[in-house]
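Listed below are the residues making up each chain.
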Amino acid sequence: MPGPDIAAQLDAAERLCTKNGTQLTTLRRVVLDLVLRSTAPLTAYQLLDQLKSTRKSAVPPTIYRALDFLIENHLVHRIERLNAFIPCDADHEHADAQFLICHQCGTVTELEDHGVSDALAAAAAARGFTPSRAMVELDGLCATCAPPDTAPPPAHR
Ligand SMILES: [Zn+2]
Ligand SMILES: [Zn+2]
């Protein structure tokens, strides 16, 4: 059974899909549930393995189609560097995001910093470039993994 938090997130996802004029089918909901439950980014094949425990007939296109839908509706993000998927941590309406990827523990933190997005958009526009999406992935060490003496001082505190 999903925890109360995951159940609430699934219900919110369902409402968002209805608002978008799409439908969170049972399969899409099951895949989203798997992504939400995971403590680490999951690859499509890890998701497929988990899905097979309840749906023996699941094949790679099953999972890829469900993931494509979830990505289109901003419920899930694909982390290109890891070729893995994480649940969207923000309001599901953003086009841009930044991801902080810890190469030691593997956690991925989603940022939605409009200052970064605006700076990128302005820099691109200055070169006559029109970005359709700006997903930025930063590789490094999270606060837990970084040695204390190399961690930058916390900003705005
Ligand atoms: Zn997001
Ligand atoms: Zn870490």
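Rules of the game
- Residues numbered from 1 in each chain as written.
- Chains lettered and ligands numbered in written order.
- Predicted model: local features only at pLDDT ≥ 70, side-chain atom pairs only at ≥ 80, totals over all residues.
- Core = buried A, V, L, I, M, F, W, Y, C linked by C-beta atoms within 7 Å.
- Buried ≥ 20, exposed ≤ 12 C-beta atoms within 10 Å, placed from the backbone.
- Domains from an automatic or database assignment.
- Contact = placed C-beta atoms within 7 Å.
- Nonpolar A, V, L, I, M, F, W, Y, C, P; charged D, E, K, R; others polar.
- Helix = DSSP H or I, 4+ residues; strand = E, 2+ residues; numbered from the N terminus.

This part is about the nonpolar core. Within soluble globular proteins, side chains that are nonpolar generally end up buried alongside one another. Counting residues in each nonpolar core, the largest one holds 27 residues, and the members touching the most others are Val-31, Leu-32, Val-35, Leu-70 and Val-76. Split by domain, the residues of this core number at least three in each of domain 1 (4-87) and domain 2 (96-144).

On to the domain arrangement of the protein, then. Parsing the protein into structural domains produces domain 1 (4-87) and domain 2 (96-144). Taking only C-alpha atoms into account, the centre of domain 1 sits 22 Å from that of domain 2. Between domain 1 and domain 2, the contact holds 8 residues from the first and 8 residues from the second. Partitioned by chemical class, the residues of the side of domain 1 that touches domain 2 number 5 nonpolar, 1 polar and 2 charged.

With respect to the secondary-structure elements, His-92 resides in the loop between strand S2 (84-87) and strand S3 (96-102). Judged by the 16 C-beta atoms lying within 10 Å of it, His-92 falls in the partly exposed class. Residues His-92 and His-77 lie 15 residues apart in sequence; the distance between their C-alpha atoms is 9.9 Å. Once residues lying within four places of it in the same chain are set aside, the contact partners of His-92 are Leu-16, His-74 and Leu-75.

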